[in-house]
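Working through the structure, step by step
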Amino acid sequence: MTRLLIVGGSDAGISAGLRARELAPEVEVTLVVGDAYPNYSVCGIPYYLGEEVPDWRSLAHRTRDELEAAGLELLLEHTARRLDPSARRLAVSGPSGADGTLAYDVLVVATGARPVQPPIAGLDALGPGEGVHLVHTMDDALAIAATLSEGAVEEVLIVGAGFIGIEMAEAFVHRGLGVTLVEALPEVLPTVDADLGRLVRDVLEAHHIDVITTTKVTEIRRSGTTLVIHGTGGLERRAQLVLIATGVRPDTELAARAGATLGAGGAIAVDRRMRTNLPNVFGAGDCVETYHRILDTTTYLPLGTTAHKQGRIAGENAVGGDRCFAGSVGTQVVRVFDTVVARTGLRAVEAEAAGWHPLTSASTLDDHKAYYPGARTIEVRITGDVPTGRLLGLQMLGNLATGVAKRIDTAAAALHHRMNVGDLSDLDLSYTPPLGSPWDAMQSAAQQWQRASTSHGS
Ligand SMILES: Cc1cc2nc3c(=O)[nH]c(=O)nc-3n(C[C@H](O)[C@H](O)[C@H](O)COP(=O)(O)OP(=O)(O)OC[C@H]3O[C@@H](n4cnc5c(N)ncnc54)[C@H](O)[C@@H]3O)c2cc1C
């Protein structure tokens, strides 16, 4: 094998290229990258737009020079148009529109995802120039920054209160703008249980964000310099900037046209070695399905963490390795002002749909010994399977200082190793009074789940 071609230069594509070169420095690795921003941390966009990160250039995980020094050839602003797996050829067009064909021995598709465009009247006719934005790429981020720098924005309306919509709401508040957040579902952050979502909403409202749930935006029109937004339930608002943050769908066009089978969530089907059904074609990141370790089946879970891991495995196997993706347990965390909310594993509703008999217990526990100043409570929700005691999921919410993110990571490790709820109490976790308790909050919550499970079963 002499030439590895990778389509996509973000988390998955770059991880694949770096791993391939690490293992096989003799292999030529070329990345075809649709935009001019290879290896940028799009996860950092809300912090750049909220002016916590002053310079967008610092969002680069690595500079172009560093990537090239690692042996990656970058064809920036090149779009892969057509993949011919039988001839091992990829048709591309460059920035001037000139077409070319690249030969390969092995190819990795890492084309990511595209934002979902909800059915809103008037949306097709409006773009960044009119103040209607998406937030998915560095180009999107720079377009939002340009609209903001024009100085005419006072009010922002965000469609979608998932983790990206919420992070962006905070960013706009940091810039002193009025923010309305509209969500179709009954509560914000629908990836956690509604009672935790309610606490997130309280935080947003305490920062003067107008949160409107159970409401769909149905129409956006421009009236002079203002956008007029209408929605169900009589919603009518005016804003100078509208952000659409209603989720993503896998970008499968290139692979599907070449005959790739699609799987969970319409993403490219891959096996655990990240192989597609096309010969010598691997896939990784937001464009492919994800093996879920607890469900033992594939799902669509587009996350940067997963994209890095899958890309690394695709890169390793592309140069002759034989590594399997261990699977995701769906670990996520988001900071909402001074609050952190996180989840790992399954919620009861998801576990039940998968055939478990789940019970979720709710606990409110101190993050460290109450006698040491500054103790704060953490909300913990543990979900386990009643008949077997198996740990299925954990959700947490607490102040930034309460170590929620690291505690959820302990739970993620427990889920990864298929532990029971009761096993959490056996873990030898760290303790000193300013930071914890002899029984960590997660362990006390586990013991509470066991008590609830016993009385539930009796
Ligand atoms: C605002 C925001 C915040 C986020 N925060 C988090 C977070 O905190 N934690 C987390 O885990 N995840 C987060 N994510 C999700 C995470 O960013 C994605 O899961 C991750 O970027 C996926 O990486 P990827 O390489 O699969 O795809 P993408 O990042 O979507 O990149 C796709 C690449 O493919 C290229 N491409 C596509 N089609 C073609 C083509 N035909 N020809 C050439 N090139 C092509 C694109 O130019 C790009 O380089 C966030 C996402 C956003 C938008």
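Residues numbered from 1 in each chain as written. Predicted model: local features only at pLDDT ≥ 70, side-chain atom pairs only at ≥ 80, totals over all residues. Heavy atoms only, no water.

**Some thoughts on the layout of surface pockets**
Condition: Each cavity reported here is a set of points on a 1 Å grid over the protein atoms alone in which a 1.4 Å probe fits but cannot get out, each pocket an open set with protein on both sides within 12 Å along at least five of seven lines, and each lining residue one with an atom within 4 Å of a point. Grid points are joined across faces, edges and corners, and a volume is the space filled by probe spheres set on the points. Under the grouping applied here, Gly and all other residues not named as nonpolar or charged are polar, the nonpolar ones being Ala, Val, Leu, Ile, Met, Phe, Trp, Tyr, Cys and Pro and the charged ones Asp, Glu, Lys and Arg.
Taken as a whole, the second largest pocket spans an internal volume of roughly 300 Å³. In this structure, the second largest pocket is lined by 16 residues; those nearest its centre are Arg-407, Ser-430, Leu-435, Gly-436 and Asp-440. Partitioned by chemical class, the residues of the lining of the second largest pocket number five nonpolar, seven polar and four charged.

**Remarks on empty space enclosed by the protein**
This is how it is decided: Counting from the N terminus, the helices are DSSP H or I runs at least four residues long and the strands are E runs at least two residues long.
Scanning the model with the defined rule gives two cavities of 30 Å³ or more in all. Considered as a void within the structure, the largest cavity measures approximately 60 Å³ in volume. Every residue along the wall of the largest cavity is listed here: Phe-163, Leu-189, Thr-191, Val-192, Gln-332, Val-333, Val-334, Val-341, Ala-342 and Arg-343. Secondary-structure elements contributing two or more residues to the lining of the largest cavity are strand S21 (332–336) and strand S22 (339–345). Along the lines of polarity and charge, the residues of the lining of the largest cavity split into seven nonpolar, two polar and one charged.

**So, helix H6 (residues 194–206)**
Let me state the cut-off plainly: For a helix, the expected span equals 1.5 Å multiplied by the residue count minus one. Exposed residues in this analysis have more than 50% of their type's maximum accessible area, buried residues have under 20%, and partly exposed residues fall in between, with area computed by a 1.4 Å probe over protein chains only. Taken from the helix axis, the directions to the C-beta atoms give the arc we talk about.
For H6, which comprises 13 residues, the first-to-last C-alpha distance of 18 Å matches the rise-based estimate of 18 Å (1.5 Å per residue) to within 8%. Within H6 the residues assigned to the buried category are Leu-196, Gly-197, Val-200, Arg-201, Val-203 and Leu-204. Buried residues along H6 cover an arc of 160° about the axis, so they all sit on one side. Once H6 ends, the next one or two residues include His-208, with phi positive near 65°.

**Some thoughts on the site of the ligand**
Threshold: We define proximity as follows: a residue is near a molecule or strand when any one of its heavy atoms falls within 4 Å of that partner. We call two N or O atoms a polar contact when they sit within 3.5 Å, provided that within protein one can donate a hydrogen and the other can accept it, with sequence-adjacent residues counted only if both atoms are side-chain atoms. Each accessible area is a Shrake-Rupley result for a 1.4 Å probe, and residues are judged covered by the shown protein chains and nothing else.
Around the ligand, a shell composed of 32 residues is seen, among which Ser-10, Ala-12, Ala-80, Asp-286 and Leu-303 lie nearest. At a separation of 2.8 Å, an oxygen atom of the ligand approaches a polar backbone atom of Asp-286. Between the ligand and Leu-303, the relevant distance is 3.4 Å, taken from an oxygen atom to a main-chain nitrogen or oxygen of the residue. In isolation the ligand exposes 1,000 Å². Once the protein is present, 86% of that is buried. Breaking the shell around the ligand down by element, the ones donating at least two residues are helix H1 (11–23), strand S2 (28–33), strand S4 (79–84), helix H5 (163–174) and helix H8 (304–318). For the shell around the ligand, a count of residues per class yields 16 nonpolar, twelve polar and four charged.

**Points about the sheet that holds strand S12 (residues 210–212)**
How we decide: A pair of strands is considered paired only if DSSP assigns at least 2 bridges between the two. Under this scheme, a helix contributes an axis fitted over its contacting stretch, all axes are lines through C-alpha atoms, and angles between N-to-C directions fall in the 0 to 180 degree range.
Spatial ordering of the open sheet is given by S9-S16-S10-S11-S12, a layout of five strands whose pairing is parallel. What marks the edges here is a single partner per strand, and that holds for strand S9 (132–134) and S12. Here the strands of the sheet are splayed against their neighbours by 20° on average, with no regard to which way each runs. In terms of strand pairing, strand S10 (residues 155–159) meets strand S16 (residues 241–244) through four bridges, oriented parallel. Across the sheet, the residue bridging to Ile-158 is Leu-243, located in S16.

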